[in-house]
Amino acid sequence: MSERKISQAVISRLPRYLRYLGDLKDEGVERISSHDLSVRMHVTASQIRQDFNHFGGFGQQGYGYNVVYLYDEIGKILGLDHKHTMVIIGAGNLGQALANYMNFEKRGFLILGIYDKDPALIGKQVRNLEIEDISGAADFIRKNNIEIAVLTLPKAGATSVIGDIVNSGIKAIWNFAHVDLDLPDDIIVENVHLSESLMKLSYKLTSADGTERIN
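Throughout what follows, the structure given in this document is the object of discussion. (Residues numbered from 1 in each chain as written. Predicted model: local features only at pLDDT ≥ 70, side-chain atom pairs only at ≥ 80, totals over all residues. Heavy atoms only, no water.)

## Here we look at the packing of aromatic side chains
Aromatic ring pairs: the centre-centre distance and the angle between the two ring planes describe each pair.
Alright, step 1. Scanning the model with the defined rule gives eight aromatic pairs in all.
Alright, step 2. When the ring of F58 is compared with that of Y69, the centres are 6.5 Å apart and the planes differ by 70 degrees; the resulting orientation is edge-to-face. Of this pair, F58 sits in the loop between α3 (45-53) and β2 (65-66) while Y69 sits in helix α4 (residues 67-77), and the two are 11 residues apart along the sequence.
Alright, step 3. Taking the relative accessible area as the measure of exposure, F58 reaches 15% and is therefore buried.
Alright, step 4. Between F104 and W174, the ring centres sit 5.8 Å apart and the planes meet at 80 degrees, which makes this aromatic pair edge-to-face. Residue F104 is found in helix α6 (residues 103-106), and its partner W174 is found in strand β8 (residues 172-175); the two are separated by 70 residues along the sequence. (Phe/Tyr/Trp six-rings, centres within 6.5 Å; stacked < 30°, edge-to-face > 60°. Helix = DSSP H or I, 4+ residues; strand = E, 2+ residues; numbered from the N terminus. Buried < 20%, exposed > 50% of the residue type's maximum accessible area, 1.4 Å probe, protein only.)

Here it is in structure tokens:
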């Protein structure tokens, strides 16, 4: 792999490549050209080749890409050849939905705990996990070397617990809370703002149907 810094735009496209290659693998396709992959993904073949060239190319002239090999290599780039431990902080509807999503385990993301402060939720079973009191989350993270905290709390709740989570030694936070977190530089944060995504969709709908917008 090249040692030069890879742009976030390239990295953000890798999961989509992996998804399409996974579908090809399931279909029994052994190899595919950049052109045929571009037709499936609705991106240019040139873009695909440029992206893959950042990591060594992967293809062979006149042969294309070996689907299984390319799938495995992109998985390694994304760190999916390792197991990653997670806890969910916030056991409301979103937290429980994420806990029930079995594809995380298939990708190597192991949810080992789920926490909340609501007495009505504590003790409830979500798949194979029991919702526990949020006061014990930091200690569990520390003792079990948990890598990722999934934050699915409301804004106020997220602000009140983030200090303990940071001090627990967590390495990364997948943040669904409606708040921008002020964290140490050594903690990796991936923010997921669902409402912002929906507003982008609204803009595209409005633009597509020619509806007049108020400035």
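## Thoughts on a nonpolar patch on the surface
Alright, step 1. Judged by side-chain polarity, L198, L201 and L205 come together as a nonpolar surface patch covering roughly 320 Å² of accessible area.
Alright, step 2. In this fold, L201 is placed in helix α9 (residues 194-209).
Alright, step 3. With a relative accessible area of 46%, L201 lands in the partly exposed category. (Patch = residues over 30% accessible without salt bridge, like charges linked within 9 Å, V, L, I, M, F, W, Y side chains within 5 Å. Areas by Shrake-Rupley, 256 points an atom, 1.4 Å probe, with all protein chains shown as cover. Salt bridge = Lys/Arg side-chain N within 4 Å of Asp/Glu carboxyl O.)

## Focus: the pairing of strand β3 (residues 84-89)
Alright, step 1. Of all the six residues making up β3, six are buried; the element is thus mostly covered by neighbouring parts of the structure.
Alright, step 2. Of the two faces of β3, the one carrying H84, M86 and I88 and the one carrying T85, V87 and I89 are both buried.
Alright, step 3. Where β3 meets strand β4 (residues 109-116), six bridges bridge the pair, whose relative direction is parallel. If you follow I88 over to β4, its bridge partner there is I114.
Alright, step 4. Bridge count between β3 and strand β7 (residues 148-151): four bridges; the pairing is parallel. Its bridge partner lying in β7, V87 is registered against A149. (Pairing = 2+ DSSP bridges.)

In short, shape yes, function no, at least from these values alone.
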